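# Analysis of the macromolecular model
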Amino acid sequence: METVSTNRSFAGTQGVYSHASAETGTDMTFAVYVPDHEEGAKLPVVWFLSGLTCTHANVMEKGEYRKAASELGLIIVAPDTSPRGEQVPDDEAYDMGQGAGFYVDATQAPWSEHFRMRSYIEKELPTLIAQEFPVDMGRQGIFGHSMGGHGALTIALRNPDRYQSVSAFAPIVSPLHCPWGEKALGGYLGSDQAAWREYDACALIEGGARVADILVDQGTADNFLDEQLKPQLLVEACALADIPLQLNLREGYDHSYYFISTFMADHLRWHAERL
């Protein structure tokens, strides 16, 4: 692991780091915020997964999480959204390829060689974080935005014993039923939609996956709300599965980091209460 930069902020250290990933076959960059703490202490960790076109830097620069994280004693880890580099395949559109990994392990050419974001987030990066930072890996939460909200929900549902808390901002709740998901999962995984189900929160819940509870914030002025996000599908799935879901519809808020930063502290308090 190499240190790209560190800065003091809100009685803590905001760092950016890079390493050579065995899963993606590329260098990967990620951000970690560590509040000041007593020597030898281990802190709970919350993972933030970003959305389409984003890198680690979007939430780091616009998410306004450090004050609340410092007060609550939470380490925040923000990975990138995909492998990157000249050797990495890409798509001319923003919703496929670099910046749009969808947190899947691709099985179709040309994506399968590098696009292994599920294994990177679930296996490789946690191992590195545990080695290099003062984290208590027995106290983990995960949240994200849009495509990253999809990632957070599906990863938590697949790994309920690892994550004690999960939340999302404007998540893609069912890639099986929206254009973004149909394009990405079709491209990365092929045409057999049975293989898509483990990357769809609603399908996972339908198949028996469970978490203790879920927090979702959704802006009512989000221009992706009706076609891509469809939170009502998650409401219906959670109701049938008896999973407590707190869905906050935020009047007038859109899909941007103005929305995310407004309710960031609420989400971090949600995670802190459970960690």
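A brief structural summary. (Residues numbered from 1 in each chain as written. Predicted model: local features only at pLDDT ≥ 70, side-chain atom pairs only at ≥ 80, totals over all residues. Heavy atoms only, no water.)

## Quick look at the overall build of the protein
Counting its secondary structure elements, the protein contains nine helices and nine strands. The C-alpha radius of gyration of the protein comes to 17 Å, within 12% of the 19 Å expected for a compact globule of 275 residues. Projecting the C-alpha coordinates of the protein onto the three principal axes gives extents of approximately 50 × 40 × 35 Å. Expressed as a percentage of its 275 residues, the buried residues of the protein come to 59%. Long-range pairs, those at least 24 residues apart, make up 72% of the contacts in the protein with a sequence separation of at least 6. Total accessible area on the protein stands at roughly 11,100 Å², and carbon and sulfur atoms take up 46% of it. Averaging the locations of the 19 positively and 38 negatively charged side chains of the protein gives two centres separated by 4 Å. (Helix = DSSP H or I, 4+ residues; strand = E, 2+ residues; numbered from the N terminus. Rg over C-alpha atoms; globule rule 2.2 N^0.38 Å. Buried < 20%, exposed > 50% of the residue type's maximum accessible area, 1.4 Å probe, protein only. Contact = heavy atoms within 4.5 Å. Areas by Shrake-Rupley, 256 points an atom, 1.4 Å probe, with all protein chains shown as cover. Lys, Arg positive; Asp, Glu negative; His and termini not counted. Charge placed at Lys NZ, Arg CZ, Asp CG, Glu CD.)

## Observations regarding helix α3 (residues 117-132)
Because an α-helix packs 3.6 residues into every turn, residues spaced three or four apart end up facing the same way. At L125, α3 is bent by approximately 35 degrees, the largest bend along its length, and proline P126 sits one to four residues beyond. All of the buried residues in α3 are M117, R118, S119, Y120, I121, E122, E124, L125, P126, L128 and I129. Considering only its buried residues, α3 is in contact with β2 (12-20), β3 (27-35), β4 (43-49), β5 (75-79), β6 (135-145) and α4 (147-158). (Bend = angle between axes of the 7 residues up to and from the residue.)

## Observations concerning the sheet that holds strand β7 (residues 163-169)
Read across the open sheet, the nine strands follow the order β1-β2-β3-β5-β4-β6-β7-β8-β9; overall the sheet is mixed. Every interior strand has two partners, whereas the edge strands, β1 (2-8) and β9 (245-250), have only one. Along the sheet, successive strands turn relative to each other by an average axial angle of 20 degrees, direction set aside. Looking at chain direction, β7 and strand β8 (residues 214-219) are connected through three bridges and run parallel. If you follow F169 over to β8, its bridge partner there is D217. Strands β2, β3, β4, β5 and β6 of the sheet are contacted by α3, whose axis makes an angle of about 50 degrees with β3. (Pairing = 2+ DSSP bridges. Axes fitted to C-alpha atoms, helices over the stretch in contact; angles between N-to-C directions.)

## Concerning the packing of aromatic side chains
Summed over all chains, the structure comprises 13 aromatic pairs. Geometrically, the ring pair formed by W111 and F115 is edge-to-face, given 5.3 Å between the ring centres and 90 degrees between the ring planes. For the pair F169 and F259, a centre-to-centre distance of 5.9 Å together with 85 degrees between the ring planes defines the contact as edge-to-face. Of the two residues, F169 is situated in strand β7 and F259 in helix α9 (residues 257-274); the sequence distance between them amounts to 90 residues. Among the residues examined, F259 registers a relative accessible area of 0% and is labelled buried. An aromatic cluster of at least three residues, connected via ring pairs, comprises F48, F143, F169, Y253, F259 and F263. Sitting over the ring of W270, R274 keeps its end group 3.4 Å from the ring centre. (Phe/Tyr/Trp six-rings, centres within 6.5 Å; stacked < 30°, edge-to-face > 60°. Lys NZ or Arg CZ within 6 Å of the ring centre and 35° of its normal.)

## Side note on the pattern of salt bridges
Applying the stated criterion across every chain yields a total of 17 salt bridges. Taking the shortest distance from any N to any O, the salt bridge between D91 and K183 comes out at 3.5 Å. Highlighted residues: D91 in the loop between β5 and α3 and K183 in helix α5 (residues 179-189), separated in sequence by 92 residues. Here R274 and E273 are joined by a salt bridge, their closest N and O atoms 3.4 Å apart. (Salt bridge = Lys/Arg side-chain N within 4 Å of Asp/Glu carboxyl O.)

## Considering the pairing of β6
Pairing between β4 and β6: six bridges, direction parallel. Looking at the pairing, V46 lines up with G141 of β6. Where the polypeptide runs from β6 across α4 and back to β7, its parallel neighbour, the crossover connection is right-handed. (Right-handed = clockwise from strand over helix to strand, strands pointing away.)

## Observations concerning helix α8 (residues 231-241)
Among all positions of α8, only P231, L234, A237, C238 and A241 are buried. Angular distribution of buried residues about the axis of α8 spans 120 degrees; they occupy a single face of the element. More than 90 degrees from the buried face of α8, the exposed residues found are A239 and L240. Contacts made by the buried residues of α8 are with α4, α6 (201-206), β8, α7 (225-229) and β9. Two residues or fewer after α8 comes D242, characterised by a positive phi angle close to 60 degrees. (Arc of directions from axis to C-beta.)

## Quick look at the side chain of H255
With respect to the helices and strands, H255 occurs in the loop between β9 and α9. Within the structure, H255 has its side chain in polar contact with the side chain of S146 (distance 2.9 Å). (Polar contact = N/O pair within 3.5 Å; in protein donor to acceptor, adjacent residues only side chain to side chain.)

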